[in-house]
Amino acid sequence: VANNALLALAELDKALAAKPEVDGHVFSAAAHFLSLHRDGMAARQRETGATSESRRSLEHVNAVISVVLGAHFPLGSVPWTELEKARGWLIELTAQSRPEG
Amino acid sequence: MALWDLANSDCIVVMGSNMAENHPIAFRFVVEAQRRGAMVIHVDPRFTRTGALSNIHAPIRSGSDIAFLGGIIHQILERDLWFRDFALAYTNIAHIIEDGYQDPEQNGGVFSGFRADTKSYREDTWQYKNKTVPSSIAEHRVQTEDKSAGGDYESMTESPPPTDPTLQHPNCVYQIMRRHFARYTPEMVERVTGCKQATFLRIVDALARNSGRERTGAFCYAVGWTHHTVGVQIIRAAAIIQGLLGNVGRPGGGIMALRGHTSIQGSTDIPTLYNMLPTYLPQPNVFHQHATLRDYLRTETPPTGWWANMPKYAISLLKAWYGQGARAENEFGYQHLPKLTGDASQLPMTMSMVDGVVKGQFILGQNPVVGAVNSDLVERGLSRLDWLVVRDFAMTETANFWQKGRLVQRGELRSEHIGTETFFMPAALAGEKDGTVTNTSRMVQWHDKVLEAPGDSRSDLWFIYHLGKRLKQLYADSCEPRDAAIQALTWLYSERGARAEADPEAVLREINGYTVADRKQIPSFQQLKDDGSTACGGWMYCGIYPQDGHNVARSRKPDAPGGPGSNLGWAFAWPANRRTLYNRASADPSGVPWSERKKMVWWDEKEGKWAGTDVPDFVATKPPDYRPDWSKHPHGMDALGGDAPFIMEADGKCQLFVPSGLKDGPLPTHYEPPESPVKNLLYDQQFNPVAKLWARKGNELHAPQDTRFPYVFSTYRLTELHCGGIIGRVTPHTAELQPEAFVEICPELAGELGIRHLGWTVLSTLRGEIEVRALITERVQPFTIGGRTVHQVGMPWVYGWEGYARGDIANVLLAITGDANTSIHSTKAVTCALRPGRLPNPGGIGRGQ
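Values in this document were obtained by computation on a predicted structure and should not be read as measured data.

*Asks:* Tell me what's going on with the overall build of chain A, and back it up with residues and numbers.
*Replies:* Check the secondary structure of chain A and you find four helices and zero strands. For chain A, the α and β elements follow one another from N to C terminus as α-α-α-α. Since a compact globule built from 101 residues should have a radius of gyration of about 13 Å, the 13 Å found for chain A is in line with a globular shape. Overall, the C-alpha framework of chain A stretches about 40 × 20 × 20 Å when taken along its three principal axes. Taken across its 101 residues, chain A has 46% of its residues classed as buried. In chain A, the share of contacts with a sequence separation of at least 24, taken over all contacts with a separation of at least 6, comes to 70%. Here chain A has roughly 4,700 Å² of accessible surface; of this, 52% comes from carbon and sulfur atoms. Between the averaged position of the 10 positive side-chain charges in chain A and that of its 12 negative side-chain charges there is a distance of 4 Å.

This is the structure we're talking about:
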């Protein structure tokens, strides 16, 4: 789980480094790893039961995915500022999931 | 305009459509117009039945439409062919644009405001001088940048936009258009489109001759215009022509979007689109100032024009959806609405399936493995889902891709490795259910069930209703905030019969709207309120069910021979049962019809109101000489004069030049398609700089002038195989009329390549290869573009591996690219390679033997 988050983080860093250029391959890879991360969290939650913490984490990773999609397929300007924030959330999530990952 | 109003046209240009074959019911009115003396013109790469029935057929290369239409605009302006009294009074031709505006003429092929790093535009320099103009199109507002809570839009309440009626100001729209279209000479039209100058000029003359006070003309188009990366701008070019010639809001005048197959118009009105709420209200966007209902309404409500009423419509919609629980103190349930973060249309979602983001999909009334571009990528996406629900009346390629799909047949995927749990559920056909179809004229017609659907087949309404009911039961006890929207949703429709079918008239009554206190039907959207006292599922449909027991969509009373011809007793056309939008323009500024022959609406001085053969599209009692009192900062309709027919626009004028809302420029500009065998002869900029292109593995594009893919390729439909093809392919009577997929090739190219008539032919692109039989025909002809020969081939996209009539899927060849404004895919002008013979693995999917 944590590995996919780290891989997603690396892709987000690439995307932000390329700013303002939008690299579809990078965003696609970020969405892919984030989805794997989310699926892993959801599977774990199904196995062990949901806690308020696990629910919140799942909501946060879904929010990160929504922002990444918004940057990959923008309506108007690319939401770079929000993408920076999403990166911060992902770092928090990574820190949370690392001990278990 | 109403479809039947085409019969009143004096000149009809069908372009971007094979209308006779694909819209045969509508084409009856073209035939009737011709019988009455109208000139019918077909502009299309192929010579089809539409061309055969037209007075002029003008072949043009696919993707060159704006060069052709821009050429017409150039002629109209330079030869003074425009309807001056109309255009000066009713369009923004005299409006003065900001000093900083720069045209592609002087700016390297792009407009001012272009940001190369983000491939997007800022609109500041496109505005009327010292104004910020709100777009009237909610869909556009959602896609463009926030305008700081609408504060700038208030500039429209301070004074009228600056104009120069003498048209001498260098930055008035007239002068800008003259400069912009200066390059679009008849010589250039021929070099870019391949259409002979003489043919082109005959069309210009026919259009001009049949416009003015006594005569009107119409354009008819279909997806031959929309399925380009510049689709919106092609339609805009026609709108400019019609605005200049005075062919808007008048009998026989207009632009007819030929849609209506399977209620496509209805599916944008009560939308299946991701970016709009019912009847063209904007979907909230998380990156705009939409955090609260108050912010959303303040940002999205244009201060001037009819859209100033938007809060009444939005709050009434929330009341219809969330019922008694929707109160002012909880923003009428506004927070239940999902907020957009990006483009969630079909193409991005297909790619998101491949990336593993999307886990499940409902497919109703679609067959994307056949009908969506880049079919192999679609299959890859479907194979990544956890679950897939397909509802159709017969097996489709989308439902059994895991078993018979191309990727499985080629060995790239194995059925047993595809984890997608697929549910195929039988659906009722139109005659097996009650309901409505909304045709292209905004006309909603009720139809009754004529027989029971067989077996377990159910209507889509049944499915959605019971799905919603089960979801509400599932989440009834949830304490999760995310489930609150489902809990709050009103879902109280009466059930009928043993199958517990939801009553479709109950749905229509809710869409029409009612007063909350006593649940009485509302007869008109003018009675909707923004205080929560009214509920309405779609304001434009208000009046379709004005009182209990009165379903206007069911009405079938045509006018008698010699009657007014508006047929107001036949069904219901939104809004207000009006047949022609902006029909105030059928009278001159003083309210008198432009001519007796073309009268529709006029000011009745004695009665003090507008009258006519149609429902007037204007404030009923606003006199022609009304002028806003600018000292009072007028809002809403008070800010529009009695001579401003285009009431949905912020200043009531037809926008020849669009200051806000379009992502790719205020004027149509010819760019080559992203894949093209030729250089752009008009500008250095090769293709639309803000077209939606998504680089990803499996979706590679051909570079311009890539010699490996030298032929223009286009797709189209067939009369016999309706929609996605399945309905005609599984019916023996229609399948035998078009038994197998084919590619149309001209004799010259076939000779060069050694392809025989009915011989096997392989078409290839970087997305995939297919094989079909060749139809060698003179219906397609080579073009001379920029002095060299360019060949175009085409094939129907409606085949697949199911049914009696089979063949390879044309959409395998196409890439996912999107129009800059709508994200709609491009199917009409890509490039391909061609060779005689078969693929190495014949006998695979759906191939004729």
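Next, the rest of the story.
*Asks:* Got a sec to walk through the interface of chain A and chain B? Specific residues and values, please.
*Replies:* One frequent convention defines the size of an interface as the accessible area lost when the parts assemble. Facing 24 residues of chain A, the contacting portion of chain B comprises 30 residues. For the chain A and chain B pair, buried surface summed over both sides reaches about 2,200 Å², with 54% attributable to carbon and sulfur atoms. For chain A, the biggest contributors to the area lost against chain B are Pro20, Phe73 and Leu75 of chain A; these three give 31% of the whole. Our enumeration of links across chain A and chain B arrives at three salt bridges. Where Glu59 of chain A meets Arg482 of chain B, a salt bridge forms, and the shortest distance between an N and an O atom there is 3.4 Å. Mapped onto the side of chain A that touches chain B, the elements with two or more residues apiece are helix H2 (24-48) and helix H3 (52-72) of chain A. A per-element tally of the side of chain A that touches chain B places H2 of chain A first, with eight residues.

*Asks:* Could you give me a rundown of the pairing of strand E14 (residues 443-447) of chain B, with the residues and numbers involved?
*Replies:* All names here are of chain B. Bridge count between strand E13 (residues 435-438) and E14: four bridges; the pairing is antiparallel. Looking across to E14, one finds that Thr436 is bridged to Trp446. For E14 and strand E21 (residues 572-573), the ladder comprises two bridges, and the chain directions are antiparallel. Bridge pairing in E21 places Val444 opposite Phe572.

*Asks:* Could you give me a rundown of the sheet that holds E21 of chain B, with the residues and numbers involved?
*Replies:* One key point about sheets: their strands pair by backbone hydrogen bonds, in either a parallel or an antiparallel sense. Taken in spatial order, the three strands make up an open sheet running E13-E14-E21 (chain B), and their pairing is antiparallel. The open sheet has two edge strands, E13 and E21 of chain B, and neither has a second partner.

*Asks:* Account for the pattern of salt bridges, with residues named and values stated.
*Replies:* Per the counting criterion, the structure on display carries 53 salt bridges over all chains. Salt-bridge contacts for Glu480 of chain B lead to Arg55 of chain A; the nearest nitrogen and oxygen are separated by 2.6 Å. A residue pair is termed interchain when its members come from two chains, as with Glu480 of chain B in the loop between helix H20 (460-474) and helix H21 (484-488) and Arg55 of chain A in helix H3. Residue Arg55 of chain A is classed as partly exposed on the basis of its relative accessible area of 31%. The partner of Asp643 of chain B in a salt bridge is Arg627 of chain B, and the shortest N-O contact between them spans 3.1 Å. Taken as a pair, Asp643 of chain B in the loop between strand E23 (609-612) and strand E24 (692-693) and Arg627 of chain B in the loop between E23 and E24 lie far apart in primary sequence, 16 residues in all. Overall, Asp643 of chain B belongs to the buried group, its relative accessible area being 17%. Residue Arg627 of chain B is classed as partly exposed on the basis of its relative accessible area of 46%.

*Asks:* Give me the lowdown on H2 of chain A, citing residues and values where you can.
*Replies:* All names here are of chain A. Compared with an ideal rise of 1.5 Å per residue, which puts 25 residues at 36 Å, H2 spans 36 Å between its outermost C-alpha atoms and is within 8% of the ideal. Taking the backbone nitrogen of His25 as reference, a side-chain oxygen 2.9 Å away marks Asp23 as the first, capping residue of H2. Directly after H2, the chain includes Gly49, whose backbone phi takes a positive value near 90°.

*Asks:* Give a detailed account of the packing of aromatic side chains, specifying residues and quantitative values.
*Replies:* Residue and element names in this part refer to chain B. The final tally for this structure, using the stated rule, is 33 aromatic pairs over all chains. For the ring pair Trp610 and Phe618, a centre distance of 5.5 Å and an interplane angle of 80° mean the geometry is edge-to-face. Per residue, the accessibility class of Trp610 equals that of Phe618, and both read buried. One aromatic cluster is present, built from ring pairs that chain together Tyr101, Phe111, Phe114, Tyr121, Trp126 and Phe657. Its end group placed over the ring of Phe618, Arg584 keeps NZ or CZ at 5.7 Å from the ring centre. Cation over ring: Lys599 sits above Trp602, and NZ or CZ is 5.4 Å from the ring centre.

About the cut-offs
- Residues numbered from 1 in each chain as written.
- Chains lettered and ligands numbered in written order.
- Predicted model: local features only at pLDDT ≥ 70, side-chain atom pairs only at ≥ 80, totals over all residues.
- Heavy atoms only, no water.
- Helix = DSSP H or I, 4+ residues; strand = E, 2+ residues; numbered from the N terminus.
- Rg over C-alpha atoms; globule rule 2.2 N^0.38 Å.
- Buried < 20%, exposed > 50% of the residue type's maximum accessible area, 1.4 Å probe, protein only.
- Contact = heavy atoms within 4.5 Å.
- Areas by Shrake-Rupley, 256 points an atom, 1.4 Å probe, with all protein chains shown as cover.
- Lys, Arg positive; Asp, Glu negative; His and termini not counted.
- Charge placed at Lys NZ, Arg CZ, Asp CG, Glu CD.
- Buried area = accessible area lost by both parts, 1.4 Å probe.
- Salt bridge = Lys/Arg side-chain N within 4 Å of Asp/Glu carboxyl O.
- Pairing = 2+ DSSP bridges.
- Expected span 1.5 Å × (residues − 1).
- Polar contact = N/O pair within 3.5 Å; in protein donor to acceptor, adjacent residues only side chain to side chain.
- Phe/Tyr/Trp six-rings, centres within 6.5 Å; stacked < 30°, edge-to-face > 60°.
- Lys NZ or Arg CZ within 6 Å of the ring centre and 35° of its normal.

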